[in-house]
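Results of the structural survey
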Amino acid sequence: MKFIDQPSRTRISAQLVERPHPRSLGAYGTAGAVATILLAAPSLSGAQQARTSNVTEPAAGLEVVLVTAQRRSESIQETPLAVTAISGAELAQRNVTDVDSLQRVVPSLTYGNAWGGVNLEVRGIGNDNIAIGADAGVALHVDGIYLSSNHFAAMSLFDLERVEVLRGPQGTLYGRNATGGSINFITRDPTDEWEGEGRIVLGNYNARTLSAAAGGPMIDGLLGVRAAFQTVRHDGYTPNRATSGKDYDDEDSVAGRIKFVLTPGEAFSATLGLHFSSDRGNGPATVYGGKALPGFVTPAERYSGETFPDERGPRVVAPDEDAFLHREVRGANLRLQWDLAGARVAWNTGYWDRSFENPVDYDMTPIPGAEMRRDEEQKNFVSELSVASASEGRWNWQAGLFYFDDESYERLDALIAGLDPPVREFDYYISDGTVYSKSYAVFGEIGYRVTDRLKATVGLRYSRDEKEMDHLLDFGFGAFVATDSEVVKDDWPAWTPRFVLDYAFSDTTMAYVSVSRGFKAGGLNYSTIPASSFDPEFILNYELGLKTTLLDDRLRLNLAAFRSDYEGLQQVQVVFASTEVTNASDAEINGLEAELLFQPIAPLTIDASLVYLDATFEDFQTEDETRPQDGILNLSGNRLPRTPEWRFALGARYEMPLGSLGTGALRLDYARRSKVYFTPFNREDQAQDGYHTLDASYTIHSANDVWYLQAYGRNLTDESYRAGLLKASGALGHLNLDYYGAPRTYGVAFGFNF
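These numbers come from a predicted model, not from an experiment.

What counts and what doesn't
- Per-chain numbering applies: the sequence of each chain, read as written, is numbered from 1 onward.
- In view of the model being predicted, local features appear only for residues whose pLDDT reaches at least 70, and side-chain atom pairs are presented and counted only at 80 or more, with totals across whole chains, interfaces and linings using the full set of residues.
- The basis for the side-chain values is all heavy atoms of the structure; hydrogens and waters are excluded.
- Numbering of helices and strands runs from the N terminus; a helix is a DSSP stretch of H or I covering at least four residues, while a strand is a stretch of E covering at least two.
- When checking whether two residues touch, look at their non-hydrogen atoms; a contact exists if any pair is within 4.5 Å.
- All accessible areas in this document rest on Shrake-Rupley with a 1.4 Å probe, and a residue is counted as covered only by the protein chains that are shown.
- Any two strands with at least two DSSP bridges between them are considered paired.
- Every angle, taken between N-to-C directions, lies between 0 and 180 degrees, and every axis is a line fitted to C-alpha atoms, over only the stretch in contact when it is a helix.
- A residue counts toward a patch only above 30% relative accessible area and without a salt bridge, and it is joined to like-charged neighbours within 9 Å or, for Val, Leu, Ile, Met, Phe, Trp and Tyr, to nonpolar neighbours within 5 Å.
- The salt bridge criterion pairs a side-chain nitrogen of Lys or Arg with a carboxyl oxygen of Asp or Glu, the two atoms within 4 Å.
- Each residue's exposure class comes from its accessible area (1.4 Å probe, protein chains only) as a fraction of the maximum for that residue type: buried when under 20%, exposed when over 50%, partly exposed otherwise.
- For Phe, Tyr and Trp, where Trp contributes only its six-membered ring, two rings pair if their centres lie within 6.5 Å, and the inter-plane angle classes them as stacked under 30 degrees, edge-to-face over 60, or tilted in between.
- By the criterion applied in these results, polar contacts are pairs of N or O atoms within 3.5 Å in which, for protein atoms, one can donate a hydrogen and the other can accept it, and in which residues neighboring in sequence qualify only through two side-chain atoms.
- Among buried residues, the Ala, Val, Leu, Ile, Met, Phe, Trp, Tyr and Cys ones that are joined through side-chain atoms within 4.5 Å form a nonpolar core.
- pLDDT is a per-residue confidence score from the predictor, ranging from 0 to 100.

1. A short note on the overall build of the chain
In terms of regular secondary structure, the chain is built from 4 helices and 40 strands. At a minimum sequence separation of 6, the contacts of the chain that also span at least 24 residues come to 70%. Element-wise, carbon and sulfur atoms account for 57% of the exposed surface of the chain, whose accessible area totals about 27200 Å².

2. Re the sheet that holds strand S38 (residues 722–727)
Strand order in this open sheet of 3 strands is S15-S39-S38, and the pairing throughout is antiparallel. On the outer flanks of this sheet lie strand S15 (287–291) and S38, each paired with one strand and no other. Strand-to-strand twist of the sheet, defined as the mean angle between neighbouring strand axes without regard to direction, takes the value 30°.

3. Description of a nonpolar patch on the surface
Among the surface-exposed residues, Leu 272, Leu 274, Leu 334, Trp 338, Leu 340, Trp 347, Leu 385, Leu 401 and Val 442 lie close enough to one another that they form a single nonpolar patch of about 730 Å² accessible area. Counting only elements with at least two residues in the nonpolar patch, the list comes to strand S14 (268–281) and strand S16 (325–340). Among the elements that take part in the nonpolar patch, S16 stands out by supplying 3 residues, more than any other. Residue position: Trp 338 is located in strand S16. Given the relative accessible area of 31%, Trp 338 is considered partly exposed.

4. So, the environment of Leu 735
By secondary structure assignment, the location of Leu 735 is in strand S39 (residues 735–740). Spatially, the C-alpha atom of Leu 735 lies 5.4 Å from that of Ala 292, the residues being 443 residues apart in sequence.

5. Things to note about the packing of aromatic side chains
Taken as a whole and assessed by the stated rule, the structure comprises 15 aromatic pairs. Between Tyr 205 and Tyr 237 the ring centres are 4.9 Å apart and the planes differ by 80°, which places this aromatic pair in the edge-to-face class. Linking Tyr 205 in the loop between strand S10 (195–203) and strand S11 (207–219) with Tyr 237 in the loop between strand S12 (223–234) and strand S13 (251–265), this pair joins segments that are 32 residues apart in sequence. Taking 5.0 Å as the distance between ring centres and 75° as the angle between the ring planes, the aromatic pair formed by Tyr 503 and Phe 505 counts as edge-to-face. A network of ring pairs unites the aromatic residues Phe 381, Tyr 403 and Tyr 440 as a single cluster.

6. Observations concerning the sheet that holds strand S9 (residues 181–187)
In space, the 5 strands of this open sheet follow the order S3-S8-S9-S6-S7, with mixed pairing throughout. Both edges of this open sheet fall to strand S3 (82–87) and strand S7 (145–147), since each of them pairs with a single strand only. Neighbour to neighbour, the strand axes of the sheet diverge by 20° on average, direction disregarded.

7. Brief notes about the side chain of Arg 374
Relative to the assigned elements, Arg 374 resides in strand S18 (residues 370–389). By relative accessible area, Arg 374 is classed as buried at 3%. At 3.5 Å, the side chain of Arg 374 forms a polar contact with the side chain of Glu 410. Residues contacting Arg 374, with those up to four places away along its chain left out, are Trp 115, Gly 117, Ile 130, His 151, Phe 356, Glu 357, Asn 358, Glu 410, Arg 411 and Leu 412.

8. A word on the pairing of S11
With 9 bridges connecting them, S10 and S11 associate as antiparallel partners. Across the sheet, Gly 196 pairs through a bridge with Ala 214, a residue of S11. Adjacent in sequence and paired antiparallel, S10 and S11 are bridged by 3 residues, among which Tyr 205 carries a positive phi angle near 55°. Here S11 pairs with S12 via 11 bridges, running antiparallel. By the bridge assignment for S12, Leu 210 is matched with Thr 231. Hairpin geometry of S11 and S12 is characterised by an intervening segment of 3 residues between the two adjacent antiparallel strands and by a positive phi of about 75° at Gly 221.

9. Concerning the pattern of salt bridges
Enumeration over the complete set of coordinates arrives at 48 salt bridges. Note that Arg 642 is salt-bridged to Glu 121, the shortest N-O span being 2.4 Å. Within this pair, whereas Arg 642 is found in the loop between strand S31 (632–634) and strand S32 (646–657), its partner Glu 121 is found in strand S5 (residues 117–122), the two being separated by 521 residues in sequence. Judged by relative accessible area, which is 3%, Glu 121 ranks as buried.

10. A look at the nonpolar core
Counting 47 residues, the largest nonpolar core has Leu 102, Leu 120, Ile 183 and Phe 185 as its most contacted members. With 26 residues, the next largest nonpolar core counts Trp 115, Tyr 248, Val 317 and Leu 412 among its residues.

11. Quick word on the confidence of the model for the chain
Considering every residue of the chain, the mean pLDDT works out to 84; 85% of them sit at 70 or more. Of the regions scoring below 50 in pLDDT, residues 1–58 engages in 267 contacts with residues more than four places distant in sequence or in other chains.

12. Quick word on the side chain of His 326
Counting through the fold element by element, His 326 comes out in strand S16. Take His 326: its relative accessible area is 17%, and that puts it in the buried class. One polar contact links His 326 to Arg 280, side chain to side chain, over a distance of 3.1 Å. Residue contacts for His 326: discarding those within four places in its chain leaves Asp 279, Arg 280, Gly 281, Ser 355, Phe 356 and Glu 357.

What follows is the structure, encoded as structure tokens:
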């Protein structure tokens with residue numbers, strides 16, 4: 001997703017999140033120690049601040065940040081859950097242009113990609129499977145509309161009011177597949193007066209970005225409109241060493257949005273949003289990363305008489321066939337809202353669809369014999385009716401009905417050098433299926449202020465998910481030929497409660513304790529014979545949080561400690577030519593999250609975040625097909641995939657007067673994360689060692705705030721790191737296929753208001 005907005009001179013206190021840690025209330029002492037360390041460190045990351053000509057002037061204080069994480073507007077410091085809110089202006093000022101770069105500024109959020117798919121995790125919880133039969137573990141919402149697939153996370157999304165990232169299971173208010181959390185994108189509404197803005201970016205790799213937005217009243221007091229568009233283009237980061245010269249890891253996207261707001265009276269409003277996004281690039285580079293089974297002669301090698309090259313690296317590809325990735329997303333949201341006496345009623349409905357085409361040379365080497373193509377189409381319909389108390393009194397409540405209907409189609413074609421050439425020169429694999437999903441839910445939550453300082457909240461949601469699949473599987477490998485065509489269906493009910501106590505020690509310090517349950521729907525395996533289903537996974541989360549605002553509103557420190565018990569964890573297992581999801585294990589996740597935002601003097605903002613995650617499997621036994629001689633392996637105690645034990649971010653912004661020219665602002669961001677494994681086996685050849693990134697920018701704002709000029713650099717130390725890994729099946733030769741993050745990029749941006 002792309003977030004492009006103009007850097008603002010106004011201070012936006014973007015990120016103070018509350019996070020969790022392990023074991024028990026004793027972990028709270030650890031949180032205090034971490035807070036002390038962070039306060040002592042010259043940290044960096046953070047929000048913008050009001051400009052001043054006197055660099056020694058005391059800070060005026062951090063602004064209040066309002067969020068709607070609990071479906072009502074409230075201060076982030078009074079919200080008893082772990083949430084980070086980042087304004088659209090802050091995203092641009094920190095050069096956050098997609099979900100990949102969003103993970104740099106949101107603790108516990110991890111983004112990965114493989115074969116054009118997207119893996120999202122929050123606190124180590126997500127989904128390894130990019131196929132249509134399984135659901136994501138992190139929910140995506142655009143203006144309140146739930147999008148069921150993480151593939152939507154790759155679309156262009158810009159001109160944002162803010163992004164809210166909720167951590168921990170959100171099973172009561174957000175429902176299905178929010179076991180890890182929810183990422184909520186709130187787009188900008190029309191303004192009362194006509195205004196607009198634009199941004200032009202030029203950078204290395206021939207990067208060109210153009211974005212613009214404008215809005216205002218079409219009919220004063222009755223109808224407002226806002227329109228925005230963006231184009232992003234850059235050459236591939238990974239050159240093709242084959243004769244075609246077609247580079248990979250490029251982008252060629254265009255996106256647009258138009259939003260209408262109708263307000264015929266004070267008691268009613270209607271909002272219609274129309275969205276479009278298209279990317280027609282060459283797709284990600286699939287980099288041959290060696291053999292998971294050393295010494296194995298792959299079918300492609302046997303067929304061609306060649307061997308895979310010894311030269312390997314993050315930017316080494318030479319496919320014998322060109323690839324491309326074409327992705328389109330279209331969406332429409334309609335929200336009707338009535339403000340009644342003592343209550344607010346809202347009906348939120350949305351229809352989104354997407355298409356995906358990706359033919360690819362699976363190993364991207366000059367050796368022929370592994371050509372594949374994946375095509376997908378998805379239609380996503382959501383409707384929710386909710387009613388909530390209109391004001392914050394001793395009692396507040398909300399309730400609602402939810403309906404979800406999704407149709408997802410996928411076809412996978414593969415042509416692979418024959419396992420047994422005398423039988424046939426090329427083996428084949430065809431999978432063609434459609435999954436129909438429906439979900440129904442009813443939910444409610446009641447909050448009661450026991451005293452002026454103590455509040456209790458109880459919520460409950462009942463969900464029922466249904467899935468049905470029509471599927472055809474046809475393949476031939478050597479002498480083995482199989483065809484299967486059948487209809488499979490299953491359904492799963494779930495109860496997901498939430499209990500919260502929050503206590504305000506003062507106007508600036510609040511603590512909360514919560515217990516919540518999350519639910520990720522079961523699913524269907526369409527690449528197995530016979531087709532099969534797998535059960536839901538459940539998570540029970542215990543959390544203790546502290547939110548503080550100190551030093552006359554110049555320091556915010558938010559801490560949270562949590563323990564998550566996972567039941568029936570869904571895991572992807574590759575067996576020969578099939579990918580199968582099973583409820584393989586239970587898991588335990590203990591964690592601590594701390595965030596600091598400090599404004600010691602008006603021109604300087606300092607922020608830091610620290611995350612510790614102890615995320616391990618329990619009672620997990622399975623076989624690694626690349627090590628059959630080892631038999632059944634006990635993976636209990638192994639770390640969950642793509643989950644670093646430690647993450648640390650440090651950033652600072654300093655503003656300085658430039659006389660009649662205006663004001664300059666220097667921004668530095670440093671981030672580091674520890675080692676991750678990409679599979680449950682925790683193998684060294686399927687891991688990424690710890691690495692760090694350094695970003696910087698310098699922005700000049702004109703004195704009249706009409707324009708700004710920015711120079712920026714990302715990953716300035718040019719770190720090379722795996723962002724994802726796909727383990728190819730035995731039919732393809734037990735290969736490790738790597739996907740790498742972006743190299744060093746830099747450029748200039750010019751923005752203007754009108």
